[in-house]
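# Observations on the model geometry
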Amino acid sequence: MANRPQLAAVLDYTRAGDVLVVRRLDRLGRSVQHLVATVTDLAARGVELRSLSEGIDTTSPPGRLTFHIFAAVAEFEADLIRGRTVAGLAAARARGRVGGRPSVMTPEKRAAADELMRATGATVTGVARALVVSRSAVYRYLQAQDSGAVDAAPARG
(Lines give C-alpha, C1' and ligand atoms only; values in the text may rest on other atoms or scores of the structure.)
Protein backbone atom coordinates (compact mmCIF):
# COMPACT_ATOMS: atom_id res chain seq x y z
CA MET A 1 0.00 0.00 0.00
CA ALA A 2 3.00 2.33 0.34
CA ASN A 3 2.68 3.42 -3.28
CA ARG A 4 -1.08 4.10 -2.89
CA PRO A 5 -1.29 6.37 0.17
CA GLN A 6 -4.81 7.64 -0.53
CA LEU A 7 -6.22 4.12 -0.78
CA ALA A 8 -4.42 3.18 2.43
CA ALA A 9 -5.89 6.26 4.13
CA VAL A 10 -9.43 5.42 2.95
CA LEU A 11 -9.14 1.81 4.06
CA ASP A 12 -7.80 2.93 7.44
CA TYR A 13 -10.60 5.49 7.83
CA THR A 14 -13.48 3.06 7.21
CA ARG A 15 -15.31 1.68 10.24
CA ALA A 16 -17.85 -1.06 10.87
CA GLY A 17 -21.18 -0.15 9.28
CA ASP A 18 -19.58 2.01 6.56
CA VAL A 19 -20.11 1.37 2.86
CA LEU A 20 -17.05 2.03 0.70
CA VAL A 21 -18.13 3.23 -2.74
CA VAL A 22 -15.71 2.90 -5.67
CA ARG A 23 -16.22 3.88 -9.29
CA ARG A 24 -14.65 0.64 -10.56
CA LEU A 25 -13.23 -2.43 -8.82
CA ASP A 26 -9.85 -1.98 -10.49
CA ARG A 27 -9.44 1.23 -8.48
CA LEU A 28 -9.55 -0.82 -5.28
CA GLY A 29 -7.11 -3.63 -6.10
CA ARG A 30 -4.07 -4.02 -8.34
CA SER A 31 -4.76 -7.70 -8.91
CA VAL A 32 -7.58 -10.13 -8.32
CA GLN A 33 -5.79 -11.53 -5.30
CA HIS A 34 -5.28 -8.05 -3.87
CA LEU A 35 -8.89 -7.13 -4.58
CA VAL A 36 -10.29 -10.26 -2.92
CA ALA A 37 -7.97 -9.78 0.09
CA THR A 38 -9.04 -6.15 0.43
CA VAL A 39 -12.76 -6.95 0.21
CA THR A 40 -12.34 -9.86 2.64
CA ASP A 41 -10.55 -7.54 5.08
CA LEU A 42 -13.30 -4.93 4.70
CA ALA A 43 -15.98 -7.58 5.31
CA ALA A 44 -14.16 -8.85 8.41
CA ARG A 45 -14.20 -5.28 9.75
CA GLY A 46 -17.90 -4.89 8.96
CA VAL A 47 -17.38 -2.58 5.99
CA GLU A 48 -19.46 -3.20 2.86
CA LEU A 49 -18.49 -2.36 -0.73
CA ARG A 50 -20.34 -0.85 -3.67
CA SER A 51 -18.88 -0.63 -7.14
CA LEU A 52 -20.77 1.78 -9.37
CA SER A 53 -19.44 0.51 -12.70
CA GLU A 54 -19.92 -3.21 -12.12
CA GLY A 55 -23.12 -2.80 -10.12
CA ILE A 56 -21.76 -4.86 -7.24
CA ASP A 57 -23.17 -4.19 -3.79
CA THR A 58 -21.85 -6.46 -1.03
CA THR A 59 -24.49 -5.21 1.41
CA SER A 60 -26.76 -7.97 0.07
CA PRO A 61 -26.21 -11.73 -0.42
CA PRO A 62 -26.70 -11.49 -4.22
CA GLY A 63 -24.09 -8.71 -4.35
CA ARG A 64 -21.58 -10.78 -2.39
CA LEU A 65 -22.24 -13.74 -4.70
CA THR A 66 -21.76 -11.52 -7.77
CA PHE A 67 -18.47 -10.20 -6.40
CA HIS A 68 -17.11 -13.68 -5.74
CA ILE A 69 -18.21 -14.90 -9.18
CA PHE A 70 -16.47 -11.92 -10.83
CA ALA A 71 -13.36 -12.53 -8.73
CA ALA A 72 -13.30 -16.25 -9.58
CA VAL A 73 -13.74 -15.57 -13.32
CA ALA A 74 -10.98 -12.93 -13.24
CA GLU A 75 -8.65 -15.31 -11.42
CA PHE A 76 -9.47 -18.08 -13.92
CA GLU A 77 -8.73 -15.71 -16.81
CA ALA A 78 -5.40 -14.70 -15.23
CA ASP A 79 -4.46 -18.37 -14.86
CA LEU A 80 -5.30 -19.02 -18.52
CA ILE A 81 -3.18 -16.08 -19.65
CA ARG A 82 -0.30 -17.19 -17.42
CA GLY A 83 -0.52 -20.75 -18.82
CA ARG A 84 -0.56 -19.52 -22.42
CA THR A 85 2.41 -17.27 -21.77
CA VAL A 86 4.46 -20.09 -20.23
CA ALA A 87 3.55 -22.43 -23.11
CA GLY A 88 4.44 -19.78 -25.69
CA LEU A 89 7.82 -19.10 -24.09
CA ALA A 90 8.57 -22.83 -23.93
CA ALA A 91 7.62 -23.25 -27.60
CA ALA A 92 9.83 -20.32 -28.59
CA ARG A 93 12.75 -21.76 -26.60
CA ALA A 94 12.23 -25.13 -28.31
CA ARG A 95 12.57 -23.32 -31.67
CA GLY A 96 15.85 -21.80 -30.46
CA ARG A 97 14.52 -18.33 -29.73
CA VAL A 98 15.29 -16.49 -26.52
CA GLY A 99 13.50 -13.36 -25.39
CA GLY A 100 15.01 -10.32 -23.86
CA ARG A 101 17.42 -7.68 -24.92
CA PRO A 102 20.45 -8.82 -26.95
CA SER A 103 23.76 -8.76 -25.12
CA VAL A 104 26.05 -5.80 -25.72
CA MET A 105 28.89 -8.31 -25.76
CA THR A 106 28.88 -9.10 -29.47
CA PRO A 107 31.16 -11.86 -30.78
CA GLU A 108 33.69 -9.18 -31.75
CA LYS A 109 33.65 -7.65 -28.26
CA ARG A 110 33.93 -11.10 -26.70
CA ALA A 111 37.03 -11.83 -28.75
CA ALA A 112 38.47 -8.42 -27.90
CA ALA A 113 37.76 -8.98 -24.18
CA ASP A 114 39.48 -12.35 -24.29
CA GLU A 115 42.49 -10.84 -26.08
CA LEU A 116 42.75 -7.88 -23.69
CA MET A 117 42.61 -10.11 -20.63
CA ARG A 118 44.96 -12.75 -22.02
CA ALA A 119 47.58 -10.56 -23.69
CA THR A 120 47.63 -7.47 -21.49
CA GLY A 121 46.16 -8.77 -18.25
CA ALA A 122 43.61 -5.98 -18.28
CA THR A 123 41.16 -5.76 -15.42
CA VAL A 124 37.40 -6.01 -15.86
CA THR A 125 37.22 -2.23 -15.48
CA GLY A 126 39.88 -1.76 -18.15
CA VAL A 127 38.14 -4.15 -20.53
CA ALA A 128 34.81 -2.43 -19.97
CA ARG A 129 36.30 0.98 -20.69
CA ALA A 130 38.11 -0.24 -23.80
CA LEU A 131 34.98 -1.89 -25.21
CA VAL A 132 32.62 0.88 -24.05
CA VAL A 133 30.39 -1.51 -22.11
CA SER A 134 29.49 -1.74 -18.45
CA ARG A 135 31.56 -3.75 -16.00
CA SER A 136 28.49 -5.88 -15.28
CA ALA A 137 28.32 -6.82 -18.99
CA VAL A 138 31.92 -8.03 -18.82
CA TYR A 139 31.25 -9.91 -15.57
CA ARG A 140 28.16 -11.59 -17.11
CA TYR A 141 30.23 -12.61 -20.12
CA LEU A 142 32.96 -14.06 -17.92
CA GLN A 143 30.42 -15.91 -15.80
CA ALA A 144 28.73 -17.33 -18.90
CA GLN A 145 32.13 -18.28 -20.30
CA ASP A 146 33.02 -20.12 -17.08
CA SER A 147 29.75 -22.04 -17.18
CA GLY A 148 30.19 -22.86 -20.88
CA ALA A 149 27.02 -21.00 -21.86
CA VAL A 150 28.66 -18.48 -24.19
CA ASP A 151 29.30 -20.73 -27.18
CA ALA A 152 25.94 -22.50 -26.87
CA ALA A 153 23.90 -19.31 -26.60
CA PRO A 154 20.86 -19.51 -28.90
CA ALA A 155 20.10 -16.75 -31.38
CA ARG A 156 17.83 -14.01 -30.10
CA GLY A 157 14.88 -12.65 -31.94
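Note: the structure precedes this text.
Nothing here was measured: the structure is a model prediction, and the numbers come from that model. (Residues numbered from 1 in each chain as written. Predicted model: local features only at pLDDT ≥ 70, side-chain atom pairs only at ≥ 80, totals over all residues. Heavy atoms only, no water.)

## Thoughts on the overall build of the protein
- Helix and strand counts for the protein stand at six helices and three strands.
- Tracing the protein from N to C terminus, the helices and strands come up as α-β-α-β-β-α-α-α-α.
- Overall, the C-alpha framework of the protein stretches about 75 × 35 × 25 Å when taken along its three principal axes.
- Scored against the burial criterion, the 157 residues of the protein give a buried share of 22%.
- Taking contacts inside the protein between residues at least 6 apart in sequence as the whole, the part at least 24 apart equals 57%.
- On the protein, roughly 10,600 Å² of surface is accessible, and the fraction owed to carbon and sulfur atoms is 57%.
- Averaged over its 22 positive side-chain charges, the protein has a centre that lies 6 Å from the centre of its 15 negative ones. (Helix = DSSP H or I, 4+ residues; strand = E, 2+ residues; numbered from the N terminus. Buried < 20%, exposed > 50% of the residue type's maximum accessible area, 1.4 Å probe, protein only. Contact = heavy atoms within 4.5 Å. Areas by Shrake-Rupley, 256 points an atom, 1.4 Å probe, with all protein chains shown as cover. Lys, Arg positive; Asp, Glu negative; His and termini not counted. Charge placed at Lys NZ, Arg CZ, Asp CG, Glu CD.)

## Regarding the side chain of Ser51
- Examined against the element boundaries, Ser51 turns out to sit in strand β2 (residues 48-51).
- Discounting chain neighbours no more than four positions away, the residues touching Ser51 are Val22, Arg23, Arg24, Leu25 and Ile56.

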